[in-house]
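# Results of the structural survey
Listed below are the residues making up each chain.
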Amino acid sequence: MLPIKSHQLYQEIILLKYNLIDLLPLYECNTNLNFPSSQVLSSQGAVLPQVNIDRPAPSSSISNSCPSIDIVADLIDLLIEAQQVSNRLKIIASALRSVDNIQIYTDGSLQYDVSSMATMGFGWMVVNNEAFEFSASAILWPSSTKAKMLACLSTLMVVPVNATVTLYTDSAATITGFEKLDEFRNLSARRREKILNFQLWMTVAHIIECKCLTVNMIKVKAHSGDRLNDRADKLAKEVAVSAPRLNIIYMNLPGINVELTVDNLTLETSSRKSIKTLFEAHYFSQFLNLHRNADIKLLTEFHHLNWSATSFMLNYNISANDTASTSFTQHRLRSFKYKIFSEELLTLSRMRRRRPDVYPDDVCRSCLMSTESQFHFWKCPSH
Ligand SMILES: [Zn+2]
């Protein structure tokens, strides 16, 4: 028995799909497994390494002896899907090509549009030259941390090779993530997937590695009167609905060989967990479709059943000992609860239906008044 939560994944996907109809034609129909085939990354002919799924990505062997705008532009083309966004990033990258110490104020925000659809807006501006600012939006798997991360990630795309970048952000989670990037790189694919926004962190790690960047993070207090921070904040809030969307093509990252997609939308969660949730939802649906559960199914469809509470009640264990899967007490109690729940208690009326030869009548032995049915079991005056 599973909580209704299992359906949330489906629901989220369907909602997303509904809001993404304008975006879908941009994608080609292809299979879920896209193995990157020998992508040439730079003008020096370095090829991105391909890694098996259960091994951490090896260090890149790309030499950065000659700072080149080509690596920067190639990385933008490799990772950014929308032409409009990548062109804007390339223009800024080209203007910043000779600056090796860059300071950038970043911010991102999570907003809800008129249809209550969450959208993320993010923006940044270069302190060295405030004329250079960038903003974009994103809607998949929204969170305010993700918006702030996307802001930082997109700054790394425009800075030149070997640069020192100082990023100002008010997101403590993003700063912690950058601090733990080395640790993250060495994790196996399986452990990495457990980290929130792992595909974004892989993108960040890949860009830093390819470009040999030194990144310093500085925490600014939100709404503290810092002029540039307030400007970044305003930019992020203004663009959430209007700015072009930034989607990252994760399949072009080394180390990601499998991507789970639903109608070409990448699942940005652990693939193991997603598959588990989908199977749980599948079994739950099979259970509801059993003939004997017709009533329960109807109640579920009309939202009259709180499945989280029901599941808690059915699987609740009284003592710590009972949580053991081998506990007989727990097994008996649980099967009793399930029988009550699905009206399968062995009452006389049920027994008589099965073996009329053994049970000649089904009158309740306690009150000798009416049939001992599932309902009477609880209503019997003699109990
Ligand atoms: Zn009775």
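Whatever comes next refers back to the structure up there.
The notes below deal with the structure included here. (Residues numbered from 1 in each chain as written. Predicted model: local features only at pLDDT ≥ 70, side-chain atom pairs only at ≥ 80, totals over all residues.)

## Some details on the sheet that holds strand 2 (residues 118-126)
Defined as follows: When DSSP locates at least two bridges between a pair of strands, those strands are taken to pair. Only runs of H or I of at least four residues qualify as helices and only runs of E of at least two qualify as strands under DSSP, and these elements are numbered from the N terminus. Axis lines are fitted to C-alpha atoms, over the contacting stretch for helices. Their N-to-C directions set the angle, which ranges from 0 to 180 degrees. Any two residues are considered in contact once their C-beta atoms, placed from the backbone, lie within 7 Å.
Read from one edge to the other, the open sheet built from five strands follows the order 3-2-1-4-5, with strand pairing classed as mixed. At either margin of the open sheet sits one strand with a lone partner, and together these are strand 3 (133-138) and strand 5 (214-219). The mean angle between the axes of side-by-side strands here comes to 20 degrees, regardless of whether they run parallel or antiparallel. One ladder, built from five bridges, connects strand 1 (residues 101-112) with strand 4 (residues 164-169); its direction is parallel. The residue bridging Ile104 from the neighbouring strand is Leu167, located in strand 4. Contacts from helix 5 (residues 172-179) reach strand 4 and strand 5, with the element oriented near 150 degrees to strand 5.

## Some words on the packing of helix 4 (residues 144-158) against helix 8 (residues 198-211)
The line we're drawing: Relative orientations are named as follows: roughly parallel for angles under 35 degrees, roughly antiparallel for angles over 145 degrees, roughly perpendicular for angles from 65 to 115 degrees, and oblique for any other angle. Crossing handedness is read from the near helix: turned anticlockwise from the far helix by less than a right angle, it gives a left-handed crossing, and turned clockwise, a right-handed one.
Close contact between helix 4 and helix 8 brings their axes to 10 Å; oriented N to C, the two are set at 20 degrees. Between helix 4 and helix 8, the interaxial angle falls into the category roughly parallel. Helix 8 is crossed by helix 4, and the crossing has left-handed handedness. Between helix 4 and helix 8, the contacting residues are Lys146, Met149, Leu153, Leu156 and Met157 on the first element and Leu200, Thr203, Val204, Ile207 and Ile208 on the second.

## Observations concerning the nonpolar core
One recurring pattern in soluble globular proteins is that nonpolar side chains are buried together. For the record, the criterion: Only buried Ala, Val, Leu, Ile, Met, Phe, Trp, Tyr and Cys residues enter a nonpolar core, and they are joined through C-beta atoms within 7 Å. Residues are called buried when their C-beta atom has 20 or more other C-beta atoms within 10 Å, exposed when it has 12 or fewer, and partly exposed otherwise; all C-beta atoms are positioned from the backbone.
Counting 55 residues, the largest nonpolar core has Leu75, Ile76, Leu89, Ile104, Ala136, Leu150 and Leu156 as the members making the most contacts within it. With nine residues, the top contributor of residues to this core is helix 4.

## Re the packing of helix 3 (residues 83-95) against helix 4
Note the threshold: Charged means Asp, Glu, Lys or Arg here, nonpolar means Ala, Val, Leu, Ile, Met, Phe, Trp, Tyr, Cys or Pro, and polar covers whatever is left, Gly included.
Close contact between helix 3 and helix 4 brings their axes to 8 Å; oriented N to C, the two are set at 55 degrees. By the angle between their axes, helix 3 is oblique relative to helix 4. Here helix 3 contributes Leu89, Ile92 and Ala93 to the contact with helix 4, which in turn contributes Ser154, Met157 and Val158. Counted by class, the contact of helix 3 with helix 4 contains five nonpolar, one polar and no charged residues.

## Some remarks on the environment of His331
Of note, His331 is situated in helix 13 (residues 328-341). Of the residues examined, His331 has 13 C-beta atoms within 10 Å and is grouped as partly exposed. Each C-alpha atom of the pair His331 and Asn317 lies 10.0 Å from the other, and the pair is 14 residues apart in sequence.

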